[in-house]
Amino acid sequence: MSTKEIEVLLIEDNPHDAELVGFVLGQVRGAMEVHAGLFRTTHVERLESAIELLSADKNRFGVVLLDLQLPDARGIETLRRLREATRDLPIIVLTGLDDDTLALAAIQEGAQDWLPKDHLDGRLLSRTIRHAVERKRIEVELLQHTREVEVARARIERQAAQLQQRAEELDAINRELDDFTYIASHDLKEPLRGISAYCEILLEDYEDRLDEQGVHRLRTLTVLCDRLAEQINNLLTYCRVGRAQGAPVAVDLNEIVAEQIASFSPVLDARGFDICIDGPLPTVQADPTLVGMVFQNLISNGLKYNRSLSPWLEIGVLNDPARTLWVRDNGIGINPKYHEEIFTLFRRLHSTREYEGTGAGLTIVRKIVSSLGGRIWLDSEPGQGSTFYFTLPLAETPQDSGPRGPHWSARNAVPDLSVKTSDY
Ligand code: ADP
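In this report, we go over the structure that sits alongside the text. Model, not experiment: these values are computed from the prediction.

## Notes on the overall build of the protein chain
Then step 1. Scanning the protein chain from N- to C-terminus turns up eleven helices and 14 strands.
Then step 2. Expressed as a percentage of its 424 residues, the buried residues of the protein chain come to 42%.
Then step 3. If you take every contact in the protein chain between residues at least 6 apart in sequence, the share linking residues at least 24 apart comes to 72%.

## Concerning the side chain of Ser 386
Then step 1. Considering the arrangement of structural elements, one finds Ser 386 in strand β14 (residues 386-390).
Then step 2. Given a relative accessible area of 4%, Ser 386 falls into the buried group.
Then step 3. Engagement of the side chain of Ser 386 in a polar contact is seen with the side chain of Ser 380, the distance being 2.9 Å.
Then step 4. Leave out the neighbours within four places in its chain, and Ser 386 touches Val 327, Arg 328, Asp 329, Gly 333, Ile 334, Asp 379 and Ser 380.

## Digging into the pattern of salt bridges
Two side chains carrying opposite charge are able to pair once their charged atoms lie near each other.
Then step 1. Applying the stated criterion across every chain, the model contains 18 salt bridges.
Then step 2. The residue Glu 48 makes a salt bridge to Arg 81 at a minimum N-O spacing of 2.7 Å. Separated by 33 residues along the polypeptide, Glu 48 in helix α2 (residues 47-56) and Arg 81 in helix α3 (residues 76-85) bring together distant segments of the chain.
Then step 3. Given a relative accessible area of 37%, Glu 48 falls into the partly exposed group.
Then step 4. In this structure Arg 81 comes out as partly exposed when scored by relative accessible area, which is 24%.
Then step 5. Where Lys 117 meets Asp 67, a salt bridge forms, and the shortest distance between an N and an O atom there is 3.7 Å. One end of the pair, Lys 117, is in the loop between β7 (113-116) and α5 (122-206); the other, Asp 67, is in strand β3 (residues 63-67), and 50 residues separate them in sequence. Of the two residues examined, Lys 117 and Asp 67, each falls in the buried class.
Then step 6. One connected set of salt bridges, linked through shared partners, spans Glu 12, Asp 17, Asp 67 and Lys 117.

## Notes on the site of the ligand
Then step 1. Around the ligand, the surrounding shell holds 22 residues, and the nearest of these are Asn 301, Tyr 305, Arg 348, Gly 359 and Leu 362.
Then step 2. Contact between the ligand and Gly 359: an oxygen atom at 2.9 Å from a main-chain N or O atom of the residue.
Then step 3. The backbone of Gly 361 places a nitrogen or oxygen atom 3.3 Å from an oxygen atom of the ligand.
Then step 4. Bound to the protein, the ligand loses 99% of the 520 Å² it would expose on its own.
Then step 5. Those elements that provide at least two residues to the shell around the ligand are α9 (288-304), α10 (361-371) and β14.
Then step 6. For the shell around the ligand, the leading source of residues is α9, giving three residues.

## Some remarks on the packing of α9 against α10
Then step 1. Between α9 and α10, the least distance of the axes is 9 Å, while the angle of their chain directions is 145°. For the pair α9 and α10, the sense of crossing is left-handed. Residue-level contacts link Leu 290, Met 293, Val 294, Asn 297, Leu 298 and Asn 301 of α9 to Gly 361, Leu 362, Ile 364, Val 365, Ile 368 and Val 369 of α10.
Then step 2. For the contact of α9 with α10, the per-class residue count stands at nine nonpolar, three polar and no charged.

## With respect to the sheet that holds strand β6 (residues 91-95)
Then step 1. The sheet built from five strands is open, its strands ordered β2-β1-β3-β6-β7 with parallel pairing. The strands lining the two open edges of the sheet, one partner per strand, are β2 (39-44) and β7. Neighbour to neighbour, the strand axes of the sheet diverge by 25° on average, direction disregarded.
Then step 2. Pairing between strand β1 (residues 6-11) and β2: six bridges, direction parallel. Bridged to Glu 7 within β2 is Arg 40.
Then step 3. Contacts from α3 reach β1, β3 and β6, with the element oriented near 155° to β3.
Then step 4. Sitting on the sheet, α5 touches β1, β2, β3, β6 and β7, and the angle it makes with β7 is about 165°.

## A short note on a nonpolar patch on the surface
Then step 1. A cluster of nonpolar side chains, namely Leu 202, Tyr 206 and Leu 210, defines an oily patch on the protein surface of about 240 Å² accessible area.
Then step 2. When you line up the elements, Leu 210 lands in the loop between α5 and α6 (212-243).
Then step 3. Owing to a relative accessible area of 36%, Leu 210 belongs among the partly exposed residues under this scheme.

## A word on the packing of α2 against α3
Then step 1. In the contact formed by α2 and α3, the axes pass within 10 Å of each other and the chain directions differ by 15°. As judged from the angle between their axes, α2 and α3 are roughly parallel. Like other packed secondary-structure pairs, α2 and α3 cross with a definite hand, here right-handed. Here Leu 47, Glu 48, Ile 51 and Leu 54 of α2 lie close against α3, whose contacting residues are Thr 78, Arg 81, Leu 82 and Ala 85.
Then step 2. A breakdown of the residues in the contact of α2 with α3 according to their chemical character gives five nonpolar, one polar and two charged.

## Comments concerning the packing of aromatic side chains
Then step 1. Tallied over the entire structure, the rule returns three aromatic pairs.
Then step 2. Arranged with centres 5.4 Å apart and planes meeting at 70°, the rings of Phe 295 and Phe 390 form a pair that is edge-to-face. Taken together, the residues span a long stretch of sequence, with Phe 295 in helix α9 and Phe 390 in strand β14 at a distance of 95 residues.
Then step 3. You can call Phe 295 buried: its relative accessible area is 0%.
Then step 4. Residue class for Phe 390 comes out buried when judged on its relative accessible area of 0%.
Then step 5. Consider the rings of Tyr 305 and Tyr 355, whose centres lie 4.9 Å apart with planes at 50°: the pair is tilted. With a gap of 50 residues between them, Tyr 305 in the loop between α9 and β11 (312-317) and Tyr 355 in the loop between β12 (325-329) and α10 connect regions that are remote in the sequence. Across this residue pair, the class does not change: Tyr 305 and Tyr 355 are buried.

Parameters and conventions
Residues numbered from 1 in each chain as written. Predicted model: local features only at pLDDT ≥ 70, side-chain atom pairs only at ≥ 80, totals over all residues. Heavy atoms only, no water. Helix = DSSP H or I, 4+ residues; strand = E, 2+ residues; numbered from the N terminus. Buried < 20%, exposed > 50% of the residue type's maximum accessible area, 1.4 Å probe, protein only. Contact = heavy atoms within 4.5 Å. Polar contact = N/O pair within 3.5 Å; in protein donor to acceptor, adjacent residues only side chain to side chain. Salt bridge = Lys/Arg side-chain N within 4 Å of Asp/Glu carboxyl O. Near = heavy atom within 4 Å. Areas by Shrake-Rupley, 256 points an atom, 1.4 Å probe, with all protein chains shown as cover. Axes fitted to C-alpha atoms, helices over the stretch in contact; angles between N-to-C directions. Left-handed = near helix turned anticlockwise from the far one by under 90°. Nonpolar A, V, L, I, M, F, W, Y, C, P; charged D, E, K, R; others polar. Pairing = 2+ DSSP bridges. Patch = residues over 30% accessible without salt bridge, like charges linked within 9 Å, V, L, I, M, F, W, Y side chains within 5 Å. Parallel < 35°, antiparallel > 145°, perpendicular 65-115°, else oblique. Phe/Tyr/Trp six-rings, centres within 6.5 Å; stacked < 30°, edge-to-face > 60°.

As structure tokens, then:
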């Protein structure tokens, strides 16, 4: 609490009472040396004179001592009018009436405190004034902070609304882009099918009339047509993920992963792959076709990019709140500088001669995971194998996985979503 001098505006029409207050404040001056010079008093008898003084200099006074019964104002109305003239100044009501109801009304009307004149003494008055000043200061500061918080909140709300609008616009643009790419890719399939068919015809009907180089070039053309067709199919798949999704249902990942592993069993057997599930895996709330595609791509990559003599692949889940899933292999690994690039559409780190592929798988995986509200990242070093981590929305409880609704059909919702196989 500050001990600097406080200028008191005393509004009191009764000269004896004014004298008493002056005397009591003087007592403070005389008796409490430590507070010497604490209060300076300006005395007026009418409310209008006080209002004039206050409007002449808003910062002059530190506190008002107010008698409620004045020649030009009476009762609570006196306080109300004074408050209109000064909002930030603490007001202590002084009255000869020992009236609790009036005291309460005065506090409700904004007075800081209430003092009956017949019980005044220096210490009490001094303490009441200083407490009133301090309380008012805190009140004004709090009001200021509240105003600042409200201004900040309004600004944040405005920015959030703008961000939301931008996100919706971006979504719409992305959807349009997906639609455009889908239609364009679809239209490209027809002429490509024609070119490929003519290559076949040329090979069948004219092979004996072409020299060796001619036949080789024609065969290369067929292979390039197939690769282009596969890329178009992947592009279509990529667009479909953004265009349509089946209704989310509870999906038991143990079942999905078992199905995917079974579909790879010829490759696993041929290469002597050791594959294991570090389960049990959780149940997620998502379109099962999309979830299947995520595992299909990650498992397929784990098998493909592996030259180990004892190749293995593991699928598991972390014990964290998000139940982060992981797919780990002891394959060739990936240099950290490419950890972001490999999620770019058609970006490959190897030629097709080294490893087959189009570079769309991980892009599709990331699009699926993001569209389901999850994220995907990896931990990998060349020669150290790779671990892909990703999150999917968890189902409330595994029991929630009741029967699928009668209208639900993964086939109808996301038709023909195979990524690694060409449907061309
Ligand atoms: P694709 O396999 O058709 O090339 P992806 O998008 O699935 O396309 O992968 C992009 C690139 O990331 C691959 O070309 C490969 O270089 C690298 N990659 C993906 N998965 C692995 C893995 N498990 N181990 C090593 N490299 C990988």
